[in-house]
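Architecture at a glance
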Amino acid sequence: MLHTTAAMLPSTSSLRSLLRLSRRIPLHRLRPLPRPPLLPHIHLLSSSSSWPTGDARATYDPLVPPDAVSSASAASDPETSADSEGSWGVFDPVAGRIVMQAQPSPPPSSSEGEEEEEEQVKQKGKTIGWKGESRWADVATARRAGGKGKKAARATYVCSNCGEGFSQWWGTCRSCQAVGTLTKYVTGADSSDAEGSHHAGRSWIQQKSKEMVPKSLREVTKGFDQTGWRIPLPGTFGNEIARVLGGGVVPGSLVLIGGDPGVGKSSLMLQLASIVSDGSEDHESSPVVYVSGEESIEQIANRAHRMSIRSRDLYLYSSTDIEDILDKIQPLSPRALIVDSIQTVYLRAFAGSAGNQVQVKECTSALLSFAKMTNIPVFLIGHVTKAGDIAGPRILEHIVDVVLYMEGERCLSHRLLRSVKNRFGSTDELGVFEMSESGLQAVLNPSEMFLTEHASDSEILAGLAVAVVLDGSRTFAVEVQALCVPGCRTRGQVVGIPISRADVITSVLMKQAGLKLQDSVIFLNVVSGFELTETAGDLAIAASICSSFLEFAIPNDIAFIGEIGLGGELRTVPRMDKRVMAIAKLGYRKCVVPKTSEKLLKPLDLGVEILPCRNLKEFINTVFRPEG
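Residues numbered from 1 in each chain as written. Predicted model: local features only at pLDDT ≥ 70, side-chain atom pairs only at ≥ 80, totals over all residues. Heavy atoms only, no water.

Brief notes about the overall build of the protein
- Summing up its helical and strand segments, the protein has 18 helices and 23 strands in all.
- Taking all 628 residues of the protein together, 42% fall into the buried category.
- Contacts in the protein between residues at least 24 apart in sequence constitute 67% of all its contacts with a sequence separation of at least 6.
- About 35400 Å² of surface is accessible on the protein, with carbon and sulfur atoms providing 52% of the total. (Helix = DSSP H or I, 4+ residues; strand = E, 2+ residues; numbered from the N terminus. Buried < 20%, exposed > 50% of the residue type's maximum accessible area, 1.4 Å probe, protein only. Contact = heavy atoms within 4.5 Å. Areas by Shrake-Rupley, 256 points an atom, 1.4 Å probe, with all protein chains shown as cover.)

As structure tokens, then:
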């Protein structure tokens, strides 16, 4: 019985046997099968994934000699004959012919495939802006880790306290010895592909080394206007901040503001944002973005309403993702960016929660790169620890350009803004503000906050003395109070003065001036919580102790400037002329100074009587002498 399945023809003997078999069967019983059912069968035998065209097939008649078939096929299709060496032959006994399957066409060359892939990449790049403007969020993306292929996700255990990473879990962090602080972090597809690794922040400032070349100082400063370079801060409040910053806001600078909770950091930055946004007479208003990771935009708007801030171009945004923040502010192209606070933001490419050392360092580095690339100043608000330092790694203060500390007691209304680091100005400047219901207000005469008004015949003037100190370029008249209680069994207290310095002055008064202070308990205090650390206040401390011990009131129109040595001598201090000029403006008529400063102060003619003294004995005889 003849089967209707196709058969391969391995040799000519099999063809002859099939030919004899086909002659025995009458031809009228054989009906040609339709060709479509044979197509799937032929497709399975082919090594190509596509069905060849009709030109690639040839028929074979078993009654015709093979030479004739080959010559006929060559004449009808020369291309097929040329490739017949690698063709497949399938014989259909029902149809009585051999179906030839041509050799499959070779796949496209690798060069053509690469060109098509590059063309697709180019078309895709046009949609996301590769050829056009770059995304600001790219500066927050770390460099991609090297190597071929894609690495499997790896689990890392990161300490939430210090940010140290380990390959396996431990009950106690081996770096900071904290218990139960290791959390599992698995690097996802986003962080592994998006240039994220522990080697990401090799450079704080992204630069194109091929385009950067050394330039001479003359070439850099040619045509550069130093006066109009900084962003001005108009008004009394703006001038007070500009004094601390060194003259204004430097474009592209990164400023860090630290302070205790509730001291007024957010209020200070919100008022600063309003001033920069409103501009000045020479500069038009421009957008400023205030980003908060601690408050919602409604809460910020409520505080702005209470402080009477109604700037038109002040934008508020609440987010903790650095890349999201930079993407959202890019269409605005702001004049300044404020982030409140650096301990609440994070980068997705790095392990750990927001606020740990790794996240704080990497977020600050990303914002530094953003500031230098766009020339937009960035202000960061930082939390402080119990010791008063900014929370996070110490390198945080090295990365930024300016570090400001805001100081003040909660029970007092005055606030001090001090510069600790400033790459664009002096660190000796100090800003004085007063907290009110409508926000912070600049204090025009800072000495008034440290003085107490008393009548000349008041009984409480005993034990009070005025010291003239310098804090940066600002001169302050500070009131020092002393109380000597004889026969008291309690221990004396010192507020606002270093205890070691107070002990030295008391010992020198007992030894060199002959005061019997060993039987008395001494209490010292500086008005309004001021920290008197400068040695120029030594003479005022000694005067207040002598006044309380001798029960002799000091006139309220006299000030004291000078340092006390262990031998009881009075030593001069820097900037004596500026100190005397400051108290002259405040209405003081007399000033006790060291003898060595007399020649410097006499020619000034400021309307202040100079009382020079060599040592403590002469000082006591000059000040505590009854008027005859």
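Structure shown, so let's carry the discussion forward.
Let's talk about the side chain of Ser267
- Note that Ser267 resides in helix H9 (residues 265–278).
- Accessibility expressed as a relative area gives 12% for Ser267, which makes it buried.
- Apart from residues lying up to four places away in sequence, Ser267 is in contact with Arg303 and Met307.

Some remarks on the packing of aromatic side chains
- Applying the stated criterion to the full structure yields 5 aromatic pairs.
- Relative to Phe433, the ring of Phe237 lies with its centre 5.4 Å away and its plane at 55°, an arrangement referred to as tilted. Of this pair, Phe237 sits in helix H8 (residues 235–245) while Phe433 sits in strand E13 (residues 430–436); the two residues are 196 residues apart in sequence, bridging distant segments of the chain. In this structure, Phe237 and Phe433 share a single accessibility class: buried.
- Summarising the aromatic geometry, the rings of Phe552 and Phe624 are spaced 5.7 Å apart at their centres and angled 75° between planes, so their arrangement reads as edge-to-face. Here Phe552, found in the loop between helix H15 (538–550) and strand E19 (558–560), pairs with Phe624, found in the segment after helix H18 (616–623); they are 72 residues apart in sequence, far enough to count as distant.
- We classify Phe552 as partly exposed; its relative accessible area is 26%.
- For Phe624, a relative accessible area of 10% corresponds to the buried category.
- Put simply, the rings of Phe552, Phe560, Phe619 and Phe624 pair up and form one aromatic cluster.
- The positively charged end of Arg174 is found above the aromatic ring belonging to Trp170, 3.6 Å away from the centroid. (Phe/Tyr/Trp six-rings, centres within 6.5 Å; stacked < 30°, edge-to-face > 60°. Lys NZ or Arg CZ within 6 Å of the ring centre and 35° of its normal.)

Comments concerning the sheet that holds strand E7 (residues 288–292)
- Spatially, 9 strands are ordered E8-E7-E9-E10-E6-E11-E12-E13-E14 in an open sheet, and the strand pairing comes out mixed. Both edges of this open sheet fall to strand E8 (314–318) and strand E14 (439–442), since each of them pairs with a single strand only. The mean inter-strand angle of the sheet, taken between neighbouring strand axes irrespective of direction, is 25°.
- The sheet contact formed by strand E11 (residues 402–407) and strand E12 (residues 414–422) spans 6 bridges and is antiparallel. Bridge pairing in E12 places Leu404 opposite Ser419.
- Along the sheet face, H8 touches strand E6 (254–259), E11, E12, E13 and E14 and points at about 145° away from the line of E13. (Pairing = 2+ DSSP bridges. Axes fitted to C-alpha atoms, helices over the stretch in contact; angles between N-to-C directions.)

Let's talk about unusual backbone geometry
- Here Asp340 and Ser341 are connected by a cis peptide whose omega angle stands at 5°.
- Along the chain, the position of Ser341 falls in the loop between strand E9 (336–340) and helix H12 (357–374).
- With phi around 65°, Gln177 is a residue other than glycine that occupies positive phi space.
- With respect to the helices and strands, Gln177 occurs in the loop between strand E4 (165–166) and strand E5 (182–186).
- Classification of Gln177 as exposed rests on a relative accessible area of 53%.

Regarding the packing of H8 against H9
- In contact at an axis separation of 11 Å, H8 and H9 are set at 110° when each is read in the N-to-C sense. As summarised for this structure, H8 and H9 are arranged roughly perpendicular, according to the angle between their axes. When H8 is examined against H9, the residues Phe237, Gly238 and Ile241 are found in contact with a partner set consisting of Leu268, Gln271, Leu272 and Ile275.
- Of the residues that constitute the contact of H8 with H9, the class distribution is 5 nonpolar, 2 polar and no charged. (Parallel < 35°, antiparallel > 145°, perpendicular 65-115°, else oblique. Nonpolar A, V, L, I, M, F, W, Y, C, P; charged D, E, K, R; others polar.)

Topic: helix H14 (residues 499–512)
- When the terminal C-alpha atoms of H14 are compared, their 20 Å separation across 14 residues agrees well with the 20 Å that a helix rising 1.5 Å per residue should span.
- Among the residues making up H14, those that are buried are Ala502, Ile505, Thr506, Val508 and Leu509. Along the long axis of H14, the arc covered by the buried residues comes to 160°, so they all point the same way. Exposed residues on H14 whose side chains face more than 90 degrees from its buried face are Ile499, Ser500 and Lys511.
- Considering only its buried residues, H14 is in contact with strand E17 (494–495), strand E18 (520–526), H15, strand E20 (563–564) and H18. (Expected span 1.5 Å × (residues − 1). Arc of directions from axis to C-beta.)

Observations regarding the environment of Ala442
- Relative to the helices and strands, Ala442 resides in strand E14.
- For the pair Ala442 and His414, spaced 28 residues apart in the sequence, the C-alpha separation amounts to 9.6 Å.
- Setting aside residues up to four positions removed in sequence, Ala442 forms contacts with Thr236, Phe237, Glu240, Val432 and Phe433.

Some points on the pattern of salt bridges
- This structure, assessed with the given rule, holds 13 salt bridges.
- Between Lys328 and Asp324 there is a salt bridge, and its shortest N-O distance comes to 3.0 Å. Of this pair, Lys328 and Asp324 are both found in helix H11 (residues 322–329), 4 residues apart, which corresponds to roughly one turn of the helix.
- Residue Lys328 is classed as partly exposed on the basis of its relative accessible area of 46%.
- Looking at Asp324, the relative accessible area reads 22%, which means it is partly exposed.
- The shortest N-O distance in the salt bridge between Glu618 and Arg614 comes to 4.0 Å. (Salt bridge = Lys/Arg side-chain N within 4 Å of Asp/Glu carboxyl O.)

Examining a nonpolar patch on the surface
- Judged by side-chain polarity, Met581, Leu604 and Leu606 come together as a nonpolar surface patch covering roughly 210 Å² of accessible area.
- For Met581, the location among the structural elements is in helix H16 (residues 576–585). (Patch = residues over 30% accessible without salt bridge, like charges linked within 9 Å, V, L, I, M, F, W, Y side chains within 5 Å.)

Here we look at the packing of H9 against helix H10 (residues 297–306)
- Running from N to C, H9 and H10 cross one another at 75°; their axes reach a closest spacing of 11 Å. Our classification of the angle between H9 and H10 gives roughly perpendicular. Side by side, H9 and H10 meet where Ser266, Ser267 and Leu270 of the first sit next to Ile300, Arg303 and Ala304 of the second.
- Grouping the amino acids of the contact of H9 with H10 by side-chain chemistry returns 3 nonpolar, 2 polar and 1 charged.

Side note on the environment of Gln441
- Here Gln441 is to be found in strand E14.
- On the basis of relative accessible area, Gln441 is assigned to the partly exposed category, the value being 37%.
- Ignoring sequence-local partners within four residues, the contact set of Gln441 consists of Val432, Phe433, Glu434 and Ser436.
- Side chain to side chain, Gln441 and Ser438 meet in a polar contact 3.3 Å long. (Polar contact = N/O pair within 3.5 Å; in protein donor to acceptor, adjacent residues only side chain to side chain.)

Some details on the nonpolar core
- Judged by nonpolar contacts, the single largest core of 45 residues is most densely connected at Leu509, Ile545, Phe560, Val592, Leu616 and Phe619.
- Among the elements that line this core, the one with the most residues is H15, at 7 residues.
- Among all residues touching Leu616, those that are not within four sequence positions of it are Val508, Leu509, Ala513, Ala542, Ile564, Gly568 and Leu570. (Core = buried A, V, L, I, M, F, W, Y, C linked by side-chain atoms within 4.5 Å.)

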